[in-house]
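# Structural overview
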Amino acid sequence: MSTGVWIVLVIIALIAGIVIGFFVARRAQENYLKNNPPINEQMLRTMMIQMGQKPSEKKLRQMVNSMKSNYGKNDK
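Residues numbered from 1 in each chain as written. Predicted model: local features only at pLDDT ≥ 70, side-chain atom pairs only at ≥ 80, totals over all residues. Heavy atoms only, no water.

### So, the overall build of the chain
Regarding its fold elements, the chain presents 3 helices and 0 strands. In sequence order, the secondary structure elements of the chain are arranged as α-α-α. Here the chain has a C-alpha radius of gyration of 23 Å; the compact-globule value for 76 residues is 11 Å, and the former is much larger. Oriented by its inertia axes, the alpha-carbon framework of the chain measures out at about 75 × 25 × 15 Å. The proportion of buried residues among the 76 residues of the chain is 7%. Accessible surface, the chain as shown: approximately 6500 Å² in total, 65% of it carbon and sulfur. Averaged over its 11 positive side-chain charges, the chain has a centre that lies 4 Å from the centre of its 4 negative ones. (Helix = DSSP H or I, 4+ residues; strand = E, 2+ residues; numbered from the N terminus. Rg over C-alpha atoms; globule rule 2.2 N^0.38 Å. Buried < 20%, exposed > 50% of the residue type's maximum accessible area, 1.4 Å probe, protein only. Areas by Shrake-Rupley, 256 points an atom, 1.4 Å probe, with all protein chains shown as cover. Lys, Arg positive; Asp, Glu negative; His and termini not counted. Charge placed at Lys NZ, Arg CZ, Asp CG, Glu CD.)

Okay, here's the thing in structure tokens:
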């Protein structure tokens with residue numbers, strides 16, 4: 001094979017590696033955030049107390065469920 005063909009093959013392989021790596025990293029990040037949400041129930045409780053609200057269990061559950069449902073909508 002000539003040098004030109006090798007250069008073209010290397011460039012194509014590089015571009016394919018970048019594209020595949022992007023999608024694999026994106027999928028891994030989505031799975032990580034789905035399994036380990038950035039805000040949990042204890043953090044919400046602390047934030048509500050700092051804002052001067054008395055957090056009830058019902059309100060906390062609604063907020064947590066709302067956040068979980070938003071994660072599900074962003075997966076599509």
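And the narrative resumes.
### Things to note about the packing of aromatic side chains
Inspection of every chain in the model, using the stated rule, returns 1 aromatic pair. With 5.2 Å between their ring centres and 75° between their planes, Phe22 and Phe23 make a pair best called edge-to-face. A residue is classified by how much of its surface remains accessible, and Phe23, at 47% relative accessible area, is partly exposed. (Phe/Tyr/Trp six-rings, centres within 6.5 Å; stacked < 30°, edge-to-face > 60°.)

### Concerning the pattern of salt bridges
Using the criterion set out here, one finds 4 salt bridges in the structure. Between Arg61 and Glu41 there is a salt bridge, with the nearest N and O atoms lying 3.1 Å from each other. Of this pair, Arg61 sits in helix 3 (residues 57-74) while Glu41 sits in helix 2 (residues 41-50), and the two are 20 residues apart along the sequence. For Arg61, a relative accessible area of 44% translates into the label partly exposed. (Salt bridge = Lys/Arg side-chain N within 4 Å of Asp/Glu carboxyl O.)

### What about the confidence of the model for the chain?
Per-chain confidence: the chain averages 87 in pLDDT, with 92% of residues scoring 70 or above. The weakest mean pLDDT in the chain belongs to helix 3 at 79; the strongest belongs to helix 1 (residues 3-35) at 95. (pLDDT = per-residue confidence, 0-100.)

### Structural notes on a nonpolar patch on the surface
A contiguous nonpolar patch, built from Ile7, Ile11, Ile15, Val19, Phe22 and Phe23 and spanning about 580 Å² of accessible area, is present on the exposed surface. Look at Val19 and you get partly exposed, because its relative accessible area is 41%. (Patch = residues over 30% accessible without salt bridge, like charges linked within 9 Å, V, L, I, M, F, W, Y side chains within 5 Å.)

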